[in-house]
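# Analysis of the macromolecular model
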Amino acid sequence: MIDLVAVGFTRELGPLLTAIAVSGRSGSAFAAEIGSMRVTEEIDALRVMAFEPIEFVLAPKYLAALIVVPCLSIASNVCGILAGGLFMFFSTRLAPALYLQYVLSSIQLRDVASGLIKSLAFATIIVHVGCLEGFRVQGGPDAVGRSTTAAVVKSTFLVIVADVLFTAIFYFLGMH
Amino acid sequence: MGSLIEGVGRRTLNQLGYVGGFTIQLWEGLRAIGTSLPILGNRYRWKASVNQMLQIGVSALPMIALMAVCSGFILALQGASELRRLEPCIT
C-alpha cells in the first residue's frame, strides 16, 4: 500500500500530473503570447531588427521549463507521499515516522531518476508544442484562440503518448 | 472520389509539415538554449528566463501541491480498500 503511493508517485503520477497542469497553465500562455506577437507582426519586427525569434522568445521559456518542471514534479512527489502518510495516520494510526521510514526504504534512486527524465521530456514537449502553435498563427485574433486550444489539446495528448513510450522503454530496459 | 483522395493527401501533408516544423524548432531551440544560460549567454535572456521560471513554476506551485495532495489521498484510499478486499486471498 505504502509502496503503491511512493513508487506510483515518484515514477508515474508526479511527473504526469505536473506536466498536465503545466501544459494547461503555461502551454496555452505560450501559444497565446507568441500568437498575439505574430498577429501584431512583432515577430517580423524582431526579425527585421536581427533578433532571431527562436532565440529571443523560445530559448528563455525552454530553459525555464527545463529547470522548473523537474522541480515541480519533485514537489508534487513530496506532497503526494505526505498526503498518503496523512491518510494512513488517520485511517490506521500508523506513526508518521514509521511511514516515512517505510517510504524511504521502498523508493529506489532509479524510480526517481526515471521520473525526472520523463519530466524533462514533458517540459520539452509542452514548450515546443505551445510555441509552435503560436508561431503557426495566421490571420486575426480568432486564430490566436484556436491556437491556444490546439496547444493545450496537442501537448496533453503528446505528454501522455510520451509517458507510454518512456514507460515501455524503461520496462524493456529492465528498470522496474 | 478524387476530392476524397485530395483531402486525405492534404491532411497527410499538413501532418507531415507539422512534424517537420516541430523537429526544426526542436533543433533550433536546442542550439539557441545556450544563449540564455546565466554566465555564458546573454544577460537579458537570463533575466527573461528567470521571469519565465517565476511564471511557470512558482505561481503554479500551490495548484500542483493541491492536486498532488488530492491524488495522494485518492491513491491511498483506493489502494487501501482494494488491498483490504484482496487480503483473504493473499494470506
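This section reports on the structure supplied with the text. (Residues numbered from 1 in each chain as written. Chains lettered and ligands numbered in written order. Predicted model: local features only at pLDDT ≥ 70, side-chain atom pairs only at ≥ 80, totals over all residues. Heavy atoms only, no water.)

Residues and elements named next belong to chain B. When the terminal C-alpha atoms of helix α2 (residues 43-56) are compared, their 20 Å separation across 14 residues agrees well with the 20 Å that a helix rising 1.5 Å per residue should span. When α2 is considered as a whole, its buried residues turn out to be R45, S49, Q52, M53 and I56. Down the axis of α2, the sector holding all buried residues measures 105°, keeping them to one side. For α2, the exposed residues set more than 90 degrees away from the buried face come down to R43 and Y44. (Helix = DSSP H or I, 4+ residues; strand = E, 2+ residues; numbered from the N terminus. Expected span 1.5 Å × (residues − 1). Buried < 20%, exposed > 50% of the residue type's maximum accessible area, 1.4 Å probe, protein only. Arc of directions from axis to C-beta.)

As a further point, take the pattern of salt bridges. Residue and element names in this part refer to chain A. Tallying each qualifying case throughout the model produces eight salt bridges over all chains. For the salt bridge of E33 with K61, the shortest nitrogen-to-oxygen distance reads 3.2 Å. With E33 in helix α1 (residues 2-39) and K61 in helix α3 (residues 53-92), this pair connects stretches of sequence that are 28 residues apart. (Salt bridge = Lys/Arg side-chain N within 4 Å of Asp/Glu carboxyl O.)

Further remarks concern the interface of chain B and chain A. Across the boundary between the two partners, chain B contributes 41 residues, which contact 47 residues of chain A. Both faces combined, the contact of chain B with chain A buries some 3,800 Å², and carbon together with sulfur accounts for 78% of it. The largest share of the area that chain B buries against chain A comes from Y18, Q25 and I56 of chain B, three residues that together contribute 19% of it. For the pair chain B and chain A, the interface holds one salt bridge. A salt bridge links E55 of chain A to R45 of chain B; its shortest N-O distance comes to 3.0 Å. Taken together, chain B and chain A are joined by six residue pairs in polar contact (both at pLDDT 80 or more). Among the elements of the structure, α1 (2-32), α2 and α3 (61-90) of chain B are those that each provide at least two residues to the side of chain B that touches chain A. Broken down by element, the residue count for the side of chain B that touches chain A peaks at 17 residues, all from α3 of chain B. (Contact = heavy atoms within 4.5 Å. Buried area = accessible area lost by both parts, 1.4 Å probe. Polar contact = N/O pair within 3.5 Å; in protein donor to acceptor, adjacent residues only side chain to side chain.)

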